[in-house]
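# Survey of secondary and tertiary structure
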Amino acid sequence: MDVRTGLNHRERATLRAVAEGHAEISCSCEPDLFVDGLACCDQHTAHRLAHLGLVMPARGGRWGERVPALLTEAGAMALEGAFPPMAAA
């Protein structure tokens, strides 16, 4: 699957929230995501983005601790690929 074209709207919105610094992620094998302090309403999306390597903890932490979420290079590329730049008029 090409991640750039295989992301749905919710996944892209979640990546944008991470890119804008609004997200935290729990340190675990099935990380939970929190946006603006609230649990993400779709933890399946959070798990999928983490397992695809698009988001990750910005630093290490204790098991279950919430730390800032970081958009990976692959996540940034996937997000950029979702909205190619418009041609100059």
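Higher on the page you've got the structure.
Residues numbered from 1 in each chain as written. Predicted model: local features only at pLDDT ≥ 70, side-chain atom pairs only at ≥ 80, totals over all residues. Heavy atoms only, no water.

## Remarks on helix H3 (residues 43-51)
Cut-off, in case you're wondering: A 1.4 Å probe rolled over the protein chains alone gives each residue an accessible area, and that area as a share of the maximum for its type sets the label: buried under 20%, exposed over 50%, partly exposed in between. For helices the rule is a DSSP run of H or I covering at least 4 residues; for strands it is a run of E covering at least 2, with both sets numbered from the N terminus onward. Of all possible arcs, the one meant is that of the directions from the helix axis to the C-beta atoms. Here a residue-residue contact requires only that any non-hydrogen atoms of the pair lie within 4.5 Å. N or O atoms closer than or at 3.5 Å make up a polar contact, with two conditions inside protein: a donor-capable atom paired with an acceptor-capable one, and, for residues adjacent in sequence, both atoms drawn from side chains.
Among all positions of H3, only Gln43, Thr45, Ala46, Leu49 and Ala50 are buried. Down the axis of H3, the smallest arc covering the buried residues is 155°, so these residues share one side. The outward face of H3, more than 90 degrees from its buried face, is lined by the exposed residues His44 and His51. Those residues of H3 hidden inside the fold are in contact with helix H2 (9-19), strand E2 (33-35), strand E3 (38-39) and strand E4 (55-57). Where H3 starts, the residue carrying a side-chain oxygen 3.2 Å from the main-chain nitrogen of histidine 44 turns out to be aspartate 42.

## Brief notes about the sheet that holds E4
Heads up, the condition is: Only strands joined by at least two bridges in the DSSP assignment are considered to pair. Helix axes are fitted to C-alpha atoms over the stretch in contact, other axes to C-alpha atoms as well, and angles between N-to-C directions run from 0 to 180 degrees.
Read across the open sheet, the five strands follow the order E3-E2-E1-E5-E4; overall the sheet is antiparallel. The open sheet has two free edges, formed respectively by E3 and E4, since each of these has just one partner strand. Looking at chain direction, strand E1 (residues 23-26) and E2 are connected through three bridges and run antiparallel. Residue pairing across strands places alanine 23 opposite valine 35, the latter belonging to E2. Relative to strand E5 (residues 66-71), H2 is tilted by about 110°, and along the sheet it contacts E1, E2, E4 and E5.

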